[in-house]
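# Chains, contacts and geometry: an overview
Read off the chains here:
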Amino acid sequence: MHNTSENKPGKIKKHINIGLLAHVDAGKTTLAETLLYLAGAIRKPGRVDYGDAFLDTYDMEKARGITIFSKQAQLSLENADITLLDTPGHVDFSAEMERTLQILDYAILVISGADGVQGHAQTLWRLLKRYEIPTFLFINKMDQTGTDREALMKELKKRFGDSCVCFSPLPDKEEFYENVAVCDEKLLESYLENGNIDTGDIARLIALRQIFPCYFGSALKIQGVRELVQGIEAYTCAIRYPDEFGARVFKIARDEQGNRLTYLKVTGGTLKVKMPLTNRNANAHTQDEDIWEEKADQLRVYSGAGYELVKEALAGSICAVTGLSRTRCGQGLGREAEAELPLLEPVLTYRIELPKGCDVHPMFLKLLQLEEEEPELHLVWNERLQEIHAQVMGEVQIEILRDLIYKRFGVLVEFGTGSIVYKETIKAPVEGVGHFEPLRHYAEVHLLLEPGERGSGLEFSSVCSEDILDKNWQRLILTHLEEKAHRGVLTGSEITDMRIVLLIGRAHQKHTEGGDFRQATYRAVRQGLMKAETVLLEPVYEFRLEVPTENVGRALSDLERMHADFQPPELEGELSVLTGCAPVNTMGGYQKEVVAYTRGRGRLFCSLKGYQPCHNQDEVAAARAYDADADTENPSSSVFCAHGAGFLVSWDEVETYMHLESPLKQNQKEDPAQEAALPRSSYRGYSGSYADDKELEEIFTRTFGPVKRERNLFTKTRDFSPAPSPVKTRRTEAREEYLLVDGYNIIFSWDELRELAELDIQSARDKLMDILSDYQGYRKMTLILVFDAYKVQGGKETVEKYHNIFVVYTKEAETADQYIEKTVHRIGRQYQVTVATSDGLEQVIILGQGAVRLSASGLLEEIREARREMRKEYLGASRGGKTYLFDSLSEEMAGLMEEVRLGKRSLDESKGKKEGKK
């Protein structure tokens, strides 16, 4: 059923898109029914247990009593038009909920007054914070016995922060104003002056997420809901949108006739019927062959199962568009950029077992329709086994999928035994190279693969100069990096938490085609992964376990067995509460055990936190028995051409065949002592003297173009004539100078300190600090010495002042390289920064940030030169430039004494050498 109407002029009201979110069974759908009833949209509120809820439009939802798909309804209030979006509360359908968050203006988070803040509610709170959505809280089921308003308010402040303020029922006016005012300093000053707070000020703080209004009531008995409606009208702000057209796609579905529906929010301008839409977007890397343009046939504004046809949709409207066949969830149209990657991902994988006689290939194509509609469903085709695998959020979703497949396609499928969805990342930076050159084809790609922060996903960028590789080819390479789910080499799992940077590439003027760079790019990623040290990641739950005090021992024993990381138990009344993280693989199904050994008094709340290093990596890898070399769909070898025919070169030999010289120079000889003390990538890069050998800078210039920077202390020509006074500074640059020193890199590069480190690493550190302290006293720059502390369990970053230099010990899981790169990125363009290191990978990165690189041997020569300058200045300032002791020495003896002073020779060795010559 639907109506056709035109937009008619009338009273201008603000339009707000509000989403309903909750932990399952908190009464969210009941609240939606009550809101619709109070707004006059329905004659009487439906009930979930009766199966007549207005927004539960699917038979599966009515049968199970849960929301599976997000739906919308239209409410017209006195001062606002509301689009209400009801989202699933069950954790298995969290992805359906998360994609709806991207188009919300405000949210209502429903909390069960009987159960308090449950685990999934805290996950929702983190998502609301991530998407920066202003939030109202409605504490439901307050009609049930045992609910305590004050205790619940205290719990809300503890879990969500002190910005949670009670709005219903309103306390004393003065007390209410005080609770609101303390959330903002300026508002507090204003309140203390005039004793009043405007409604507009409250609305502004809510929009900025500085206040979270809390309303108490019972949706079933229509208690406290009117106050919530009044609060929404009073404390929401109208959203301003730009005039230029933009839209965000958040859902794909199909109606009963099979028409494909693209649900989107218009984020700018106006969308009209028959208006052409395209994915051509300046913010996205899209190949020309993937550009599409289609017309919007119908614009439907849904409310429950029915909809209204409109001729245009204004900015802020949410509508379903027919006629679009190539849109996808999260896509930005017009001025709108792509959506953020979802935080919640499938953690279980099942094999889909088809009935006999069902052709697997056509069925896979049909199931792909469900994949674009269900964001929590990922389908994977296993070519070797000729099987379809489904990655899902949980077992409840499996049951829903079985019913949905049967209803849609008439095929009754079964699901095999579930397993965990693992992911892979790398431990240290590495370069990957790929070459594709069969006859009349050509492409070569060099990539830098770096580990990223946990939960960062995959990030792609380019530092390649357009003089080396045309911008269009670079964009094509980035597109190929983004378009594929790259597989790791340990278990064949998808890679994540990595930064992949295009360093350099080459195309042939005549023979290169787009597909050539696809092959070269894929092979470069794979070759880099084969060289790198792989880290297997597993999904982990963030849990809250409540058990009676007498069961704490059993709970602690179970958590240890499950390899959980948890905090000491805290007492809350008669219960002990344990919080922490545990692998999904070990904690799955533990809820039933908790109920059994606590006799129903214990509760376990779990929410997916993300991925962490696997607790049994070797065991999982052995069980998977994945052979990376045998994976023909993900080759790591490269293709070269000789004598008119192409030939394969394996990944471990490919670098010797490459046509482009790598920007990263690799040392062939590894120092075991340095490797043990300073674990990094296998790349040690170029370690020669920068003063004597310009090879690195030439490589960088060929790759990235010339680096423009001012000459500073370490590259200028010095005047070694005696200075009139040793106190006078020798620096003439206007900008402040910084010297960052990679401590362990220098220790294991200088022979004297390396030998000392083999005996006592602390003594080597102390001696280096003394040497650099003397050096800084003469050069007068800001000197920062950085030591790795990334293996120190629970270590925190510390900065110590040692005489006149700063000594930094990095935090756990952070190397000196990472700290220096971060610091150079922050100050490299503002100050004159020099980095002392012989790490080849770090050299390229700091050059790109405008800093100067000084090798370990170069720093040693600088220090010796500074000592010579200090000696000359001293000699020139004393006795008119003459000292009888040194002037009386022979030239040979003076040279020996200088070597002793510089630490190049001991005094005994000098005596022995002198006596031997005599």
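A few points on the structure. (Residues numbered from 1 in each chain as written. Predicted model: local features only at pLDDT ≥ 70, side-chain atom pairs only at ≥ 80, totals over all residues. Heavy atoms only, no water.)

The next point concerns the overall build of the protein chain. The helix and strand tally for the protein chain stands at 28 helices and 42 strands. Evaluated residue by residue, the protein chain yields a buried proportion of 51% over its 918 residues. Put simply, 71% of the contacts in the protein chain that link residues at least 6 apart link residues at least 24 apart. In the form shown here, the protein chain has an accessible surface area of approximately 43800 Å², with 48% of it arising from carbon and sulfur atoms. (Helix = DSSP H or I, 4+ residues; strand = E, 2+ residues; numbered from the N terminus. Buried < 20%, exposed > 50% of the residue type's maximum accessible area, 1.4 Å probe, protein only. Contact = heavy atoms within 4.5 Å. Areas by Shrake-Rupley, 256 points an atom, 1.4 Å probe, with all protein chains shown as cover.)

Judged by nonpolar contacts, the single largest core of 57 residues is most densely connected at L367, F543 and L545. Ranked by residues supplied to this core, first place goes to strand β30 (residues 534-548) with 7 residues. Apart from the residues within four sequence positions on either side, F543 is in contact with L559, A564, F566, L578, T579, G580, C581, A582, M587, L604, F605 and C606. (Core = buried A, V, L, I, M, F, W, Y, C linked by side-chain atoms within 4.5 Å.)

The subject of this paragraph is the packing of aromatic side chains. Counted according to the given criterion, the structure contains 20 aromatic pairs. Here the aromatic rings of Y302 and Y307 are separated by 5.1 Å at their centres, their planes lie at 45°, and the arrangement is tilted. A relative accessible area of 17% means that Y307 is categorised as buried. Aromatic rings pair up to connect F167, F176, Y177, Y191, Y215 and Y235 into one cluster. Across from the ring centre of W125, 5.9 Å away, lies the NZ or CZ of R209, which sits over that ring. The ring of Y307 carries R300 above its face, with NZ or CZ at 4.4 Å from the centroid. (Phe/Tyr/Trp six-rings, centres within 6.5 Å; stacked < 30°, edge-to-face > 60°. Lys NZ or Arg CZ within 6 Å of the ring centre and 35° of its normal.)

As for its placement among the helices and strands, S576 is situated in strand β33 (residues 575-583). Note on S576: relative accessible area 3%, which makes it buried. In this view, S576 contacts L545, E546, V547, T549, V552, P569, E570 and L571; residues no more than four positions away in its chain are not counted.

The next point concerns a nonpolar patch on the surface. Judged by side-chain polarity, V182, L188 and L192 come together as a nonpolar surface patch covering roughly 290 Å² of accessible area. Among the secondary structure elements, V182 is positioned in the loop between α6 (173-181) and α7 (185-194). The exposure class of V182 is exposed, given its relative accessible area of 59%. (Patch = residues over 30% accessible without salt bridge, like charges linked within 9 Å, V, L, I, M, F, W, Y side chains within 5 Å. Salt bridge = Lys/Arg side-chain N within 4 Å of Asp/Glu carboxyl O.)

So, on to the pattern of salt bridges. Overall, the coordinates contain 40 salt bridges when judged by the stated rule. Residues K28 and D86 are paired through a salt bridge, measuring 2.8 Å at the closest nitrogen-oxygen approach. In this pair, K28 sits in helix α1 (residues 28-38) while D86 sits in strand β4 (residues 80-86), placing the two residues 58 residues apart along the sequence. Residue class for K28 comes out buried when judged on its relative accessible area of 6%.

Together, D172, E174, E175 and E178 make up a negatively charged patch on the protein surface. By relative accessible area, which is 49% here, E174 ends up partly exposed. (Lys, Arg positive; Asp, Glu negative; His and termini not counted. Charge placed at Lys NZ, Arg CZ, Asp CG, Glu CD.)

It is a general feature of regular strands that their side chains alternate between the two faces of the sheet. Judged by how many residues are buried, strand β6 (residues 135-140) sits mostly within the fold: 6 of 6 residues are covered. Residues T135, L137 and I139 of β6 are buried on one face, and the alternating residues F136, F138 and N140, pointing to the opposite face, are buried as well. A crossover connection joins strand β5 (residues 106-112) to the parallel β6 through helix α4 (residues 119-130); in handedness this β-α-β unit is right-handed. Bridge analysis of β6 against strand β8 (residues 212-216) gives 3 bridges, and the strand direction is parallel. Note on β8: the bridge partner recorded for L137 is C214. (Right-handed = clockwise from strand over helix to strand, strands pointing away. Pairing = 2+ DSSP bridges.)

In this structure, T135 sits in strand β6. Looking at T135, its side chain comes within polar contact range of the main-chain oxygen of I133, at 2.9 Å. Setting aside anything within four residues of it in sequence, one finds T135 in contact with A107, L109, W125, L128, R209, I211, F212 and P213. (Polar contact = N/O pair within 3.5 Å; in protein donor to acceptor, adjacent residues only side chain to side chain.)

Another point: the sheet that holds β6. Here 7 strands make up an open sheet; going across it, the order is β3-β4-β2-β5-β6-β8-β7 and the pairing mixed. Because the sheet does not close on itself, it has two edges, and the strands there are β3 (71-76) and β7 (164-168). Averaged over all adjacent pairs, the angle separating strand axes in this sheet is 25°, with direction ignored. Both strand β2 (residues 14-22) and β4 contribute to a ladder of 7 bridges, which runs parallel. Among the inter-strand pairings, G19 is bridged to a residue of β4, identified as L85. Most of the contacts of α4 go to β5, to which it runs at about 165°, and overall it touches β2, β5, β6 and β8. (Axes fitted to C-alpha atoms, helices over the stretch in contact; angles between N-to-C directions.)

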